[in-house]
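# Fold and geometry: a report
Each chain is listed here by its residues.
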Amino acid sequence: MLVAVVSSAATAVVPARRGAAPCATATSGVAVAAEAAWDIRRRSSASFSTLQQSSQAFRHRSVVAQSRRALSSSSSLRGIEMGVKRSLGARQTHKRLLSSSTRSQAADGELDELVATKQTGSSSGGIVLPAVGVACMGAILFGYHLGVVNGALEYIAKDLGFAADPILQGWVVSSTLAGATVGSFTGGSLADKIGCRRTFQLDAIPLLIGTLLSANAAGFQAMVIGRILVGFGIGVSSGVVPLYISEVSPTEIRGALGSVNQLSICVGILLALLAGLPLVSNPAWWRSMFAIATIPTVLLFLGMVYSPESPRWLYKQGRIAEAETSARRLWGTAKLESALADLKESNSDAGASEDAGWGDLFSRRYRKVVGVGMSLFLFQQFAGINAVVYFSTNVFRSAGIASDVAASALVGAANVIGTAVASSLMDKQGRKKLLITSFTGMAASMLLLSLALSWPSLAAYSGTLAVLGTVSYVLAFSLGAGPVPGLLLPEIFASRIRAKAVALSLGVHWISNFMIGLMFLNVVKRFGVNRVYLGFSAVCALAVLYISNNVVETKGRSLEEIERELSPAV
């Protein structure tokens, strides 16, 4: 617009200058030019002001429009933001609902798993430990009934009127051994026919009746009958307890659990010793001592109601589904497949599912392994354990320990400590190594006892050496010779002969025990105790040689694997 005004002004000036006089025209032209220039300047300023105002107005309108658009956008953004927030809130709510549903389903699954675990045992470990604990009630009763008479016999004889007759007193003790011999043979047949679980429950009946008869005996006859029944019961349990433990225990801890049998026997003996403490102040307490034995008897019966049967026995009977259920409860699902495979392979031989007769134990296939089982118990009994225990009171008195209870407690404590140590070493060092170490220690201890009682040069130290030899002998015995045979026998016998072979070996154990008790005093009177101890030392040395050449190591091997090596099908 400014360019157009200047151009028109220039056009007007040119004609005026061409047609006027020089002076006047010049003055007039200057004035006109000045006025035109001023007018141009004025109009330019107005135009510039108008343009500036227009620009400002435009800018104002733009700002207002932008502000309106911004406000509109802000409202839209707030709406979008609110919408997004509502959407996010809905998604979070949905996630929370899904998470809650998932947790609810997980909780339901855990509840179902917990119920299944309660019914079948945990997937990793099963219920083998409670089952072994229930079975060991029989071993505790074994030890308790053997030890309960020793401290109470004097008071029983006075109360029942045969204190002056040592033969009748001997019958009270030996009647238990006679009953145990019969029971040990019976237990194997029962376990073969009805299984270990029902055998335990039946065994509780003579144990309970015999205990009540002894506790309420009014005379010698009732006491002996009660002791025979109790002996029958502990004879059955002496074979069935290690049999059951070996068949339900996992391979990796079978040694430790098997040695719990011997540990429980030691605990039973100690409990009998402790139960006899009130006899000094209350001579009639012996009746309560017998009555106490009803508690583990009832626990054994009721515990076996809920304990599983041996899967190996069930499989041998053709009850495959029950064997699988029992194996799952005992060992858990993790070991189920491999365990069933072993059971199937061990029962694949012809006749493997049939029960063996007594004559089959001496067939070419089984006679060697059965001979090892019987020999181990012969060495155990003729190594002198009963003689050491019998003479321990006199030995401790010679060393200045006048208390019979203190002497018995020291021997019992050594037995428990040694057995506990053996339990921890059984699956680490192995059965064979513990047996060799045990009999070697027993031989050295017997030699020490013999020298302490016979060498004049050691007379001043005889009491101390005798105590040292006795305690070391009991410790060595409890490390191997005591617990290992009862554990090893069910391992080395084939499933077809296991129950009867264990029963036969334990029958040898009880007969040997009875013979030693019958002949020991006469042999001591004839040859002297130092020579008898020397003979026991020689027996222990022979046991070391026999075990080295005839006993196989079973540590870490399944029962089926051991059977395939020792009793292959002919």
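Residues numbered from 1 in each chain as written. Predicted model: local features only at pLDDT ≥ 70, side-chain atom pairs only at ≥ 80, totals over all residues. Heavy atoms only, no water.

- As annotated in an unreviewed UniProt entry, the protein carries the name Major facilitator superfamily (MFS) profile domain-containing protein and comes from Sphagnum jensenii.
- Regarding the protein, the relevant UniProt record gives this comment under Sequence similarities (unreviewed entry): "Belongs to the major facilitator superfamily. Sugar transporter (TC 2.A.1.1) family."
- Taken verbatim from the UniProt record of the protein, the Subcellular location (unreviewed entry) comment is "Membrane". (UniProt positions renumbered as here; feature names shortened; annotations may be inferred.)

### Digging into the overall build of the protein
- The secondary structure content of the protein amounts to 20 helices and zero strands.
- A fraction of 82% describes how many contacts in the protein between residues 6 or more apart in sequence connect residues 24 or more apart.
- A total accessible area of about 28000 Å² is found for the protein, and carbon and sulfur atoms account for 65% of it. (Helix = DSSP H or I, 4+ residues; strand = E, 2+ residues; numbered from the N terminus. Contact = heavy atoms within 4.5 Å. Areas by Shrake-Rupley, 256 points an atom, 1.4 Å probe, with all protein chains shown as cover.)

### Regarding the environment of Gln317
- Considering the arrangement of structural elements, one finds Gln317 in the loop between helix 9 (311-316) and helix 10 (320-331).
- Distance in space between the C-alpha atoms of Gln317 and Asp192 is 9.5 Å, their sequence separation being 125 residues.

### Here's the deal with the packing of helix 15 (residues 431-454) against helix 16 (residues 462-481)
- Contact geometry for helix 15 and helix 16: axes closest at 8 Å, N-to-C directions at 165°. Looking at the two axes, helix 15 sits roughly antiparallel to helix 16. Crossing angle aside, the handedness with which helix 15 passes helix 16 is left-handed.
- Here the residues of the contact of helix 15 with helix 16 sort into 16 nonpolar, eight polar and no charged. (Axes fitted to C-alpha atoms, helices over the stretch in contact; angles between N-to-C directions. Parallel < 35°, antiparallel > 145°, perpendicular 65-115°, else oblique. Left-handed = near helix turned anticlockwise from the far one by under 90°. Nonpolar A, V, L, I, M, F, W, Y, C, P; charged D, E, K, R; others polar.)

### Describing the packing of helix 4 (residues 166-215) against helix 5 (residues 220-248)
- For the pair helix 4 and helix 5, interaxial distance at closest approach is 5 Å and the crossing angle is 40°. Classified by the angle between their axes, helix 4 and helix 5 sit oblique to one another.
- Class assignment for the residues of the contact of helix 4 with helix 5 results in 27 nonpolar, 17 polar and two charged.

### Topic: the confidence of the model for the protein
- Averaged over all residues, the pLDDT of the protein equals 78, while 73% of them reach at least 70.
- Per-element confidence in the protein ranges from a low mean pLDDT of 38 for helix 1 (residues 2-19) to a high of 96 for helix 8 (residues 294-306).
- Note that residues 44-52 has pLDDT below 50 and, in this model, two contacts with residues that lie over four places away or in other chains.
- For residues 83-91, every residue scores under 50 in pLDDT, and the model assigns this stretch zero contacts once sequence neighbours within four places are set aside. (pLDDT = per-residue confidence, 0-100.)

### Some remarks on the pattern of salt bridges
- Under the definition given, this model contains 13 salt bridges.
- One salt bridge in this structure joins Asp192 and Lys500, with 3.0 Å as the shortest N-O distance. Separated by 308 residues along the polypeptide, Asp192 in helix 4 and Lys500 in helix 18 (residues 498-527) bring together distant segments of the chain. Of the two residues, Asp192 and Lys500, both sit in the buried class.
- Ionic pairing is found between Arg254 and Glu491, a salt bridge with its closest N-O pair at 2.6 Å. (Salt bridge = Lys/Arg side-chain N within 4 Å of Asp/Glu carboxyl O. Buried < 20%, exposed > 50% of the residue type's maximum accessible area, 1.4 Å probe, protein only.)

### Here's the deal with helix 10
- The terminal C-alpha atoms of helix 10 lie 16 Å apart, and with twelve residues this matches the ideal 16 Å at 1.5 Å per residue to within 8%.
- Where helix 10 is concerned, the buried positions are Ala323, Ser326, Ala327, Leu330 and Trp331. The arc enclosing the buried residues of helix 10, seen along the axis, measures out at 105°, which places them on a common side.
- Phi turns positive one or two residues past the end of helix 10, at Gly332, with a value near 85°. (Expected span 1.5 Å × (residues − 1). Arc of directions from axis to C-beta.)

### Describing empty space enclosed by the protein
- On inspection of all chains with the given rule, the structure shows four cavities of 30 Å³ or more.
- Of the voids in this model, the largest cavity is the one considered here, and its volume is about 100 Å³.
- Among the elements of the structure, helix 4, helix 5, helix 9 and helix 18 are those that each provide at least two residues to the lining of the largest cavity.
- Broken down by element, the residue count for the lining of the largest cavity peaks at four residues, all from helix 4. (1 Å grid on protein atoms, 1.4 Å probe; cavity = no way out; pocket = protein on both sides within 12 Å on 5 of 7 lines; lining within 4 Å. Points joined across faces, edges and corners; volume = space filled by probe spheres on them.)

### Here's the deal with a nonpolar patch on the surface
- A surface patch of nonpolar side chains, about 620 Å² in accessible area, is lined by Leu208, Leu212, Val298, Phe301, Leu302, Val305 and Tyr306.
- Listed by contribution, the elements that provide at least two residues to the nonpolar patch are helix 4 and helix 8.
- Mapped onto the elements of the fold, Val298 is located in helix 8. (Patch = residues over 30% accessible without salt bridge, like charges linked within 9 Å, V, L, I, M, F, W, Y side chains within 5 Å.)

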